[in-house]
Amino acid sequence: MRNKLRVLALFDATAPTTIDHDLSSELKTEDRKTEANVLAALDELGHSTEHLAIFDDLDLLRQKLQRFEPDVIFNLADQFNNNSAFDQNIVSFLAMQGVPFTGCGSTGLTLCKHKAISKKILGYHRIHVPAFVTIARGKRIARPRRLKFPILVKPLKEEASLGIAQASFVETDEQFKERVQFIHESYDNDVIAEEYIEGRELYVSILGNHRLEVFPIRELIFKEVPPDEPKIATYKAKWDEDYRKRWGLQNQFAEGLDPGVLSNIADRCKRIYRLLTIDGYARLDLRLTPTHEVYFIEANPNPILAADEDFAQSAMKANVPYSQLIARILRLGLNTMRE
Ligand SMILES: Nc1ncnc2c1ncn2[C@@H]1O[C@H](COP(=O)(O)OP(=O)(O)O)[C@@H](O)[C@H]1O
Ligand SMILES: [Mg+2]
């Protein structure tokens, strides 16, 4: 790889932008932490970097590509027109422009976003997934008898624990119906209802295309949550600092896993990554039951890359400093075969 590349860092935006939109004050805010961290790393690596934030105007991107002629796009855009369902369409557009980009392609993004299709693929390959049903908007809401309580009711295609609260955990048909209806109406989303898997909440970070590296595992611990209460990474559990303090929620490195369990998790996660056709980097959400069974919960291609988030923390623990991580993601992006 040439040492110095022309890199276009591509961001999403929540309101219309222009081609030379000044983001300098935004880049100092918490909301743009990932973008700021990645830009700083690209700078440190000596690349010639420009950035563009797009809201709903692909023509802006086309113009930018013509003017700047980047060697590679560092893709941090995961919504379009305030809709996170369009992340796969953005990368489809990039692929059609024929310019290399970092992270996952459209197939991997599509498969992982759909929490039922991903589980069907993995279940077919005998990877443990929770039993589930999907309930589309407008369909009659009834729990099939084979689906056992407790059940977790989630939006079928959301991210970042949107729509996931303590009330998502249901133990009766009445609660089930109420929560499904709520997700249909308030989140305008179809529903996936999964049997609740009790166990440790593990996050496994993986980097690579063909040869995969599995980084040390992170865990969300629920220190002050009483033992008989459900332990769920709800929206508040992820994003509300006061709530996290109150319930003693902490992301830390998983401790005390024995070597057999660790290598089982690593092998399982590599298989999952390949089966879901993920490129570049991803974080897998798992549950480890008290009897050491590993359950797949969700795959997150293009996970948050901020230096203080789980993915980068895991890489650092494996002696991959942040700027090296960004360099490797860039190199993988340059070398990925796209459709
Ligand atoms: N079947 C399940 N059993 C136990 N906990 C679950 C299950 N599904 C989701 N959760 C909990 O809810 C959290 C969010 O669910 P997830 O499917 O990862 O949604 P998101 O894409 O919003 O992160 C998980 O991290 C986990 O704590
Ligand atoms: Mg998740």
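For the structure, check the block above.
The sections below set out a description of the structure shown in this document. (Residues numbered from 1 in each chain as written. Chains lettered and ligands numbered in written order. Predicted model: local features only at pLDDT ≥ 70, side-chain atom pairs only at ≥ 80, totals over all residues. Heavy atoms only, no water.)

1. Quick word on the site of ligand 1
The immediate surroundings of ligand 1 are formed by 21 residues, with Lys-115, Lys-154, Ser-161, Glu-201 and Glu-298 found nearest. In this structure, a nitrogen atom belonging to ligand 1 sits 3.0 Å away from a main-chain N or O atom of Glu-195. Compared with its free state, where it exposes 540 Å², ligand 1 has 99% of that area covered by protein. Within the residue set of the shell around ligand 1, elements represented by two or more residues are β5 (151–155), β7 (191–195), β12 (281–288) and β13 (294–301). A breakdown of the residues in the shell around ligand 1 according to their chemical character gives nine nonpolar, one polar and 11 charged. (Near = heavy atom within 4 Å. Polar contact = N/O pair within 3.5 Å; in protein donor to acceptor, adjacent residues only side chain to side chain. Areas by Shrake-Rupley, 256 points an atom, 1.4 Å probe, with all protein chains shown as cover. Helix = DSSP H or I, 4+ residues; strand = E, 2+ residues; numbered from the N terminus. Nonpolar A, V, L, I, M, F, W, Y, C, P; charged D, E, K, R; others polar.)

2. Observations concerning the nonpolar core
For soluble globular proteins, nonpolar side chains are generally found buried alongside one another. Within the largest apolar cluster, 44 residues are counted, with the highest numbers of intra-cluster contacts made by Leu-10, Leu-61, Ile-265 and Ile-278. Top contributing element to this core by residue count: helix α9 (residues 259–275), with five residues. Ignoring sequence-local partners within four residues, the contact set of Ile-278 consists of Cys-104, Cys-112, Tyr-273, Leu-284, Ala-299 and Pro-301. Residues Phe-74, Leu-207, Phe-215 and Leu-305 belong to the second largest nonpolar core, which totals 30 residues. (Core = buried A, V, L, I, M, F, W, Y, C linked by side-chain atoms within 4.5 Å. Buried < 20%, exposed > 50% of the residue type's maximum accessible area, 1.4 Å probe, protein only. Contact = heavy atoms within 4.5 Å.)

3. What about the sheet that holds β7?
Ordered by their spatial adjacency, four strands build an open sheet running β4-β7-β5-β6, and the pairing between neighbours is antiparallel. The open sheet terminates on both sides in strands that have one partner only, identified here as β4 (132–135) and β6 (169–170). Bridge count between β4 and β7: four bridges; the pairing is antiparallel. Its bridge partner being in β7, Ile-135 is matched across the sheet by Val-191. Contacts from helix α6 (residues 173–186) reach β4, β5, β6 and β7 within the one sheet, and its direction differs from that of β5 by about 10 degrees. (Pairing = 2+ DSSP bridges. Axes fitted to C-alpha atoms, helices over the stretch in contact; angles between N-to-C directions.)

4. Quick notes on the coordination of the magnesium ion (ligand 2)
Here the magnesium ion (ligand 2) is held by Asp-285 (OD) and Glu-298 (OE), and the distances to it run 2.1 Å. Note that Asp-285 is positioned in strand β12 and Glu-298 in strand β13, a separation of 13 residues in sequence. Taken individually, Asp-285 and Glu-298 each receive the classification buried, so the pair is uniform in this respect. (Donors = N, O, S within 2.8 Å, 3.2 Å for Na, K, Ca; no water.)

5. Topic: α6
With 14 residues, α6 should cover 20 Å at 1.5 Å per step; its first-to-last C-alpha distance of 20 Å lies within 8% of that length. If you check which residues of α6 are buried, you get Phe-176, Arg-179, Val-180, Ile-183 and His-184. Along the axis of α6, the buried positions cluster into a sector of 135 degrees, meaning they face one direction only. Set apart from the buried face of α6 by more than 90 degrees, the exposed residues are Glu-174, Glu-178 and Glu-185. The inward-facing, buried residues of α6 abut β4, β5, β6 and β7. Just beyond α6, the residue with positive phi is Asp-188, at close to 45 degrees. (Expected span 1.5 Å × (residues − 1). Arc of directions from axis to C-beta.)

6. Overview of the pattern of salt bridges
All chains considered together, the criterion is met by 20 salt bridges. Of the charged contacts, one joins Lys-113 and Asp-87 as a salt bridge, the two residues approaching to 3.0 Å between their closest N and O atoms. Remark: Asp-87 occurs in helix α3 (residues 87–97) and Lys-113 occurs in helix α4 (residues 106–113); sequence separation between them is 26 residues. For the pair formed by Lys-113 and Asp-87, the shared burial category is buried. If you follow the salt bridges from partner to partner, you end up with Glu-26, Arg-32 and Glu-35 in one network. (Salt bridge = Lys/Arg side-chain N within 4 Å of Asp/Glu carboxyl O.)

7. Some details on the side chain of Arg-32
By the secondary structure assignment, Arg-32 is in the loop between β1 (6–12) and α1 (33–44). Given a relative accessible area of 7%, Arg-32 falls into the buried group. At a separation of 2.8 Å, a polar atom in the side chain of Arg-32 contacts the side chain of Glu-26. Only 2.9 Å separates the side chain of Arg-32 from the side chain of Glu-35, close enough to count as a polar contact. The contact partners of Arg-32, leaving out residues within four places of it in the chain, are Phe-11, Asp-12, Ala-13, Leu-23, Glu-26, Leu-27 and Ala-53.

By themselves, these figures tell us nothing about what the structure is for.
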